[in-house]
Amino acid sequence: MKEIYKNPILYYTAIPVIMLLWPLLVWAIYLPKAQEELKETMNQYKQAEPAMMEILTLDPGRLEAADPNDNTAEFTYYRVVDRVASLCGIPPSKCDLNARSIQTSGGQKNQSANVKLNQIDITKFARFLSTIQMRWPNLQCTKVILSQKPGLKDVWDVDVDFKYYY
């Protein structure tokens, strides 16, 4: 049996047969699966389209921040943190911001800031963090410290450090 593997005729016949079977396999199996997946994706899009339009009508500001290369609105921590905090239901009295000056290192400008959110629940903080990073892709969260208030179930003090790259 081992001698058959040494016979070149096996390879001269097996390789062309495999090459002929490959297009048939693609046509018979893979193409119908791809068409089914395309139909399923199109149906999912049709189902999601009303929800996307509802989001667009409820929050048209999402399109403003969609283009990260659009520099029409100058980034300022005070404006951005205030806007996102109010969007997430965090009152200004529970939000403390300390922005540092703009620094240049390696030819790139950056600015750091510290945001302290006092006595908020974890879901508001998670929404705040995901919203601010979604809307400002050049903003990086460098440190998060969560401190749960003793004796309270879902009340946290949050200390977050950000760095924005211009």
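Data block above holds the structure.
Each chain carries its own residue numbering, running from 1 in the written order of its sequence. Selection of residues for local features in this predicted model requires a pLDDT of at least 70, selection of side-chain atom pairs for listing and counting requires 80 or more, and totals for whole chains, interfaces and linings are taken over all residues. Side-chain metrics in this entry use all non-hydrogen atoms of the structure; hydrogen atoms and water are not considered.

K.L.:
What is the right way to read the nonpolar core from this model?
P.N.:
Soluble, globular proteins show a tendency: their nonpolar side chains are buried together. Put simply, a nonpolar core is a bunch of buried Ala, Val, Leu, Ile, Met, Phe, Trp, Tyr and Cys residues held in one set by side-chain atoms that sit within 4.5 Å of each other. Between buried and exposed lies partly exposed: a residue is buried under 20% and exposed over 50% of the maximum accessible area for its type, with that area taken using a 1.4 Å probe on protein chains only. Ranked by size, the top nonpolar core spans 25 residues in total, and within it Tyr 77, Val 115, Leu 117, Phe 128, Ile 132, Leu 139 and Phe 162 carry the most contacts. Only DSSP runs of H or I with at least four residues qualify as helices, and only runs of E with at least two residues qualify as strands; both kinds are numbered from the N terminus onward. Secondary structure elements with two or more residues in this core: helix H3 (77-87), strand E1 (95-99), strand E3 (108-120), helix H4 (122-135) and strand E5 (156-165). Those residues in contact with Leu 139 that lie beyond four places of it in its chain are Phe 75, Tyr 77, Ile 132, Gln 133, Phe 162, Lys 163 and Tyr 164. Two residues form a contact once any of their heavy atoms are found within 4.5 Å.

K.L.:
Any chance you could explain a nonpolar patch on the surface here in plain terms?
P.N.:
Patch membership requires more than 30% relative accessible area and the absence of a salt bridge. Residues of like charge join within 9 Å; the nonpolar side chains Val, Leu, Ile, Met, Phe, Trp and Tyr join within 5 Å. For the accessible areas, the method is Shrake-Rupley and the probe is 1.4 Å, while residue cover comes only from the protein chains on display. By definition, a salt bridge exists where a carboxyl oxygen of Asp or Glu is found within 4 Å of a side-chain nitrogen of Lys or Arg. On the surface, a cluster of nonpolar side chains totalling about 600 Å² of accessible area is made up of Ile 4, Tyr 5, Leu 10, Tyr 11, Ile 15 and Met 19. Elements represented by at least two residues in the nonpolar patch include exactly helix H1 (2-6) and helix H2 (8-58). When residues of the nonpolar patch are assigned to their parent elements, the largest contribution, four residues, is made by H2. As for its position among the elements, Ile 15 is in helix H2.

K.L.:
Explain the environment of Ser 86 here, please?
P.N.:
Within the element layout of this structure, Ser 86 appears in helix H3. Note on Ser 86: relative accessible area 52%, which makes it exposed. With 67 residues separating them along the chain, Ser 86 and Met 19 place their C-alpha atoms 62 Å apart. A polar contact is formed between the side chain of Ser 86 and the backbone oxygen of Arg 83, at a distance of 2.9 Å. The term polar contact refers here to a pair of N or O atoms within 3.5 Å; inside protein, the definition further demands a hydrogen-donor-capable atom paired with an acceptor-capable atom, and it admits residues adjacent in sequence only when both atoms are side-chain atoms.

K.L.:
Looking at this structure, how should I read the pattern of salt bridges?
P.N.:
It is possible for side chains bearing opposite charge to pair when their charged atoms get close. A full pass over the atoms with the stated rule returns two salt bridges. A salt bridge links Lys 143 to Asp 161, with the shortest nitrogen-to-oxygen separation between them at 3.6 Å. Here the residue Lys 143 occupies a position in strand E4 (residues 139-148), and Asp 161 occupies one in strand E5, the gap between them amounting to 18 residues. Assessed through its relative accessible area of 37%, Lys 143 is described here as partly exposed. A relative accessible area of 15% places Asp 161 in the buried class.

K.L.:
Got a minute to help me understand H3 in this structure?
P.N.:
An α-helical turn contains 3.6 residues, so a residue and the one three or four places further along point in the same direction. Restricting attention to buried positions, one finds in H3 the residues Tyr 77, Val 80, Val 81, Val 84 and Ala 85. Projected down its long axis, H3 shows its buried positions confined to an angular sector of 120°, all on one face. Among the exposed residues of H3, those pointing more than 90 degrees away from its buried face are Tyr 78 and Ser 86. In this fold, the buried residues of H3 make contact with E1, E3, H4, E4 and E5. Once H3 ends, the next one or two residues include Gly 89, with phi positive near 80°. The directions considered for the arc are those from the helix axis to the C-beta atoms.

K.L.:
Before we go on, may I ask you to explain unusual backbone geometry in this structure?
P.N.:
Backbone phi values are negative for most residues with the exception of glycine, while trans is the configuration of most peptide bonds. Phi at Gln 119 is positive, roughly 50°, even though this residue is not glycine. Note that Gln 119 resides in strand E3. Accessibility expressed as a relative area gives 43% for Gln 119, which makes it partly exposed.

By themselves, these observations are geometric and do not establish any function.
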